[in-house]
Amino acid sequence: MLGLVARLPDLLAEGQRLAGDAKVPTSYPRKVFVCGMGGSAISGDLLAAANPNERPPQILVVRSYHLPPYVAKDDLVVAVSYSGNTEETLSCFFEAVDRGCRLMAIASGGKLLEAARKHLVPSVTVPAGLPPRGALGYLFSATATLLDHAGAGGYHRDLEKLPGHLRRLAGDLQPSVPLAKNPAKALAAKLQGRTPIVYATPFLAPVARRWQTQLNENAKVLAWHALLPEMDHNELVGWANDNRRGSFGVVFLRDAREEPAMEARLRATVDLIGQGSVVGTFVATGENPMERLFHLLHLGDFVSVYLALLQGVDPTPVKVIDDLKGRLARAQ
Ligand code: F6R
């Protein structure tokens, strides 16, 4: 998994190439629905946050068996499942076929690609054999490129520059860099033995979610994320009376472009949580939203794997998810 995390810039470049020739009818959709689960769904959230258009189409992520009732013919549905066999995503795909929506599919194989072929739905096949969450680079840039073809994107230019940006920033995150000079290893060491909590400003919501899910799946720990300012209106109260404060490790993810009011809010929030629970604050840098999102996403991916290794767990297998999927398949 560590090698795969380090290859994110390469996978991003490759995903763009793979989707480059896809035959997609061009017509600006009003709304885009990205259907997927887990490691396949997060691309949709990132695409919504990274859209460079002044008037972007609405991009909504459907993590469910069903499309919302208002999804109609004019809308574009993109079904993304790395394995191609996730039942929720397949169910949305077939609902989109029934409703006559514009439809595209991305997978490494499985029933989704079979169904796409049968229903003449444009699709992109990404290389198989990876854990789905490790295929984010392929899935994100392939989906972005399809949206560009469909007239709903404008991602092309930012996507071209993204691998270089990540390679420049990730130099000191690599396994060969010792803990004293490696911010990802240092943070993982601070999180060891604590439950990670990731707090972020709204633009970074998909990144905070990715940190949580990577900590869950790679480091095999419970973790959660919440957003500022919303958490100041509820979750903050929990900190006041919880005598387990010391067992949590809070990470703040901030954006260089956040509104000035956030500075005072963050200072007050840290004060009320207690400085002792905060293990790190990181600020996203980059020339465009995509670069800023992926800067901190890449950092979190490394942290999750280093935490796994520190705890002596193998980051790659997610046996419990496989068991669950097996049980559900047998129940059908
Ligand atoms: C496993 C992972 C999971 C899967 C999810 C959906 O590495 O990240 O969250 O992404 O179970 O499966 P796929 O992506 O195959 O549709």
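Anything mentioned here points back to the structure above.
Here goes a summary of the coordinates provided. Note that the structure is a prediction, hence the values are computed from the model and not measured.

Reading the values: rules and limits
Residues numbered from 1 in each chain as written. Predicted model: local features only at pLDDT ≥ 70, side-chain atom pairs only at ≥ 80, totals over all residues. Heavy atoms only, no water. Helix = DSSP H or I, 4+ residues; strand = E, 2+ residues; numbered from the N terminus. Expected span 1.5 Å × (residues − 1). Buried < 20%, exposed > 50% of the residue type's maximum accessible area, 1.4 Å probe, protein only. Arc of directions from axis to C-beta. Contact = heavy atoms within 4.5 Å. Salt bridge = Lys/Arg side-chain N within 4 Å of Asp/Glu carboxyl O.

Points about helix H2 (residues 8-19)
Look at H2: 17 Å from first C-alpha to last across twelve residues, which is about the 16 Å you get at 1.5 Å a residue. Considered for burial, the residues of H2 that qualify are Leu8, Pro9, Leu11, Leu12, Gly15, Gln16 and Ala19. For H2, the arc enclosing every buried residue in end-on projection is 165°, short of the 170-degree limit, so these residues lie on one face. Of the surrounding secondary structure, the elements contacted by the buried residues of H2 are helix H1 (2-6), strand E5 (123-125), helix H6 (136-149), helix H7 (156-169) and helix H12 (289-310).

Observations regarding the pattern of salt bridges
Applying the stated criterion across every chain yields a total of 15 salt bridges. Across the salt bridge formed by Arg254 and Glu258, the nearest N and O atoms sit 2.5 Å from each other. In this structure, Arg254 and Glu258 share a single accessibility class: buried. One salt bridge in this structure joins Arg267 and Glu263, with 3.7 Å as the shortest N-O distance. Separated by four residues within a single helix, Arg267 and Glu263 lie in helix H11 (residues 261-273), roughly one turn from each other. We classify Arg267 as exposed; its relative accessible area is 57%. Salt bridges here are not isolated pairs; linked through shared partners, they connect Arg254, Glu258, Glu263 and Arg267.

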